[in-house]
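If you want the building blocks of each chain, they are given just below.
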Amino acid sequence: MKTHRAKAKRIRFWRWRRNPLRRRSDRLEAWIVLAAWTLALLGGLLAALATQQAVRDDLAARRADVHSVSAVLTEDAPRIPPVSTSGYSDDKVWAKVRWVAADGSTHTGTTRVEPGTAVGTRITTWTDHTGRLVLEPASPTEAWLQTALFGAAAAMGAGAVVLAGERLARGRLDRRRLAEWDAQWARVGPQWRKRMLG
């Protein structure tokens, strides 16, 4: 019984492939769709992996380029964070700090601190290899999130480009089919009308 069903399914599949109404453009369209989805999936995966590696390397290079230093506030930090026009605020304020570099030289600059931090308070800040104040590098969680987001965006972008190409190719096939139908109707239409009208 099972072999009979399997044989019937195979026969139905091959009949579908040998369907006399199925045109060459229909077969071409089926191959285009199959190839496009395969390329979209594989291309999206490769784009995601490459982007994630690039972001991971960039974040690792940034982490390697900066180091933490202990600094002292030289003024009281403002108590209220400024209102942002974009609506985003990390609830930190800018304040002046002083720190001693590894070579013993004293530097001053401004960095972001908690609101209301008093003068003389020791804080940890970050500098690059030139001794300039920089933002704190991304934490492992933030780095993972950035890597995942950029990878997902790259995958969607690569897939969208391939699928857009697939839609264009199918659109050309549709226009070609319509032109073929118009040409066939121009040949058959007058004969059909004669038979219908007598």
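This text goes with the structure placed above it.
Our subject in this report is the structure included herewith. Keep in mind that what you see is a predicted model, and the values were worked out from it rather than measured.

**So, a positive patch on the surface**
Phase 1 of the analysis: Together, Arg24, Arg27, Arg172, Arg175 and Arg176 make up a positively charged patch on the protein surface.
Phase 2 of the analysis: Only α2 (24-65) and α3 (140-197) provide two or more residues apiece to the positive patch.
Phase 3 of the analysis: Per-element tally for the positive patch: the top contributor is α3, with 3 residues.

**A word on the pattern of salt bridges**
Close approach of charged atoms allows side chains with opposite charge to pair.
Phase 1 of the analysis: Applying the stated criterion across every chain, the model contains 7 salt bridges.
Phase 2 of the analysis: Arginine 170 is the salt-bridge partner of glutamate 29, the closest N and O atoms lying 2.8 Å from each other. Highlighted residues: glutamate 29 in helix α2 and arginine 170 in helix α3, separated in sequence by 141 residues.
Phase 3 of the analysis: Judged by its relative accessible area of 15%, glutamate 29 is buried.
Phase 4 of the analysis: Overall, arginine 170 belongs to the partly exposed group, its relative accessible area being 23%.
Phase 5 of the analysis: Residue arginine 170 is joined to glutamate 166 by a salt bridge in which the shortest nitrogen-to-oxygen separation is 3.1 Å. On the criterion of helical spacing, the pair formed by arginine 170 and glutamate 166 is a turn pair, its members being 4 residues apart in helix α3.
Phase 6 of the analysis: Salt bridges sharing partners connect three or more residues here, namely Glu29, Glu166, Arg170, Asp174 and Arg177.

**Regarding the side chain of threonine 117**
Phase 1 of the analysis: Checked against the element boundaries, threonine 117 lands in the loop between β3 (106-113) and β4 (122-127).
Phase 2 of the analysis: Residue classification places threonine 117 among the buried residues on the basis of a relative accessible area of 14%.

**Things to note about the side chain of arginine 177**
Phase 1 of the analysis: One can find arginine 177 in helix α3.
Phase 2 of the analysis: Within the structure, the side chain of arginine 177 is placed 2.6 Å from the side chain of aspartate 174, a separation counted as a polar contact.

**Things to note about the sheet that holds β4**
Phase 1 of the analysis: Strands sit in the order β3-β2-β1-β4-β5 across an open sheet of 5 strands; the sheet is antiparallel. Edge positions in the open sheet fall to β3 and β5 (133-134), since each of these has one partner strand only.
Phase 2 of the analysis: Examined bridge by bridge, strand β1 (residues 67-73) and β4 share 6 bridges and lie antiparallel to one another. Within the sheet, the bridge partner assigned to histidine 67 lies in β4 and is threonine 127.

The rules behind these values
Residues numbered from 1 in each chain as written. Predicted model: local features only at pLDDT ≥ 70, side-chain atom pairs only at ≥ 80, totals over all residues. Heavy atoms only, no water. Patch = residues over 30% accessible without salt bridge, like charges linked within 9 Å, V, L, I, M, F, W, Y side chains within 5 Å. Areas by Shrake-Rupley, 256 points an atom, 1.4 Å probe, with all protein chains shown as cover. Salt bridge = Lys/Arg side-chain N within 4 Å of Asp/Glu carboxyl O. Lys, Arg positive; Asp, Glu negative; His and termini not counted. Charge placed at Lys NZ, Arg CZ, Asp CG, Glu CD. Helix = DSSP H or I, 4+ residues; strand = E, 2+ residues; numbered from the N terminus. Buried < 20%, exposed > 50% of the residue type's maximum accessible area, 1.4 Å probe, protein only. Polar contact = N/O pair within 3.5 Å; in protein donor to acceptor, adjacent residues only side chain to side chain. Pairing = 2+ DSSP bridges.

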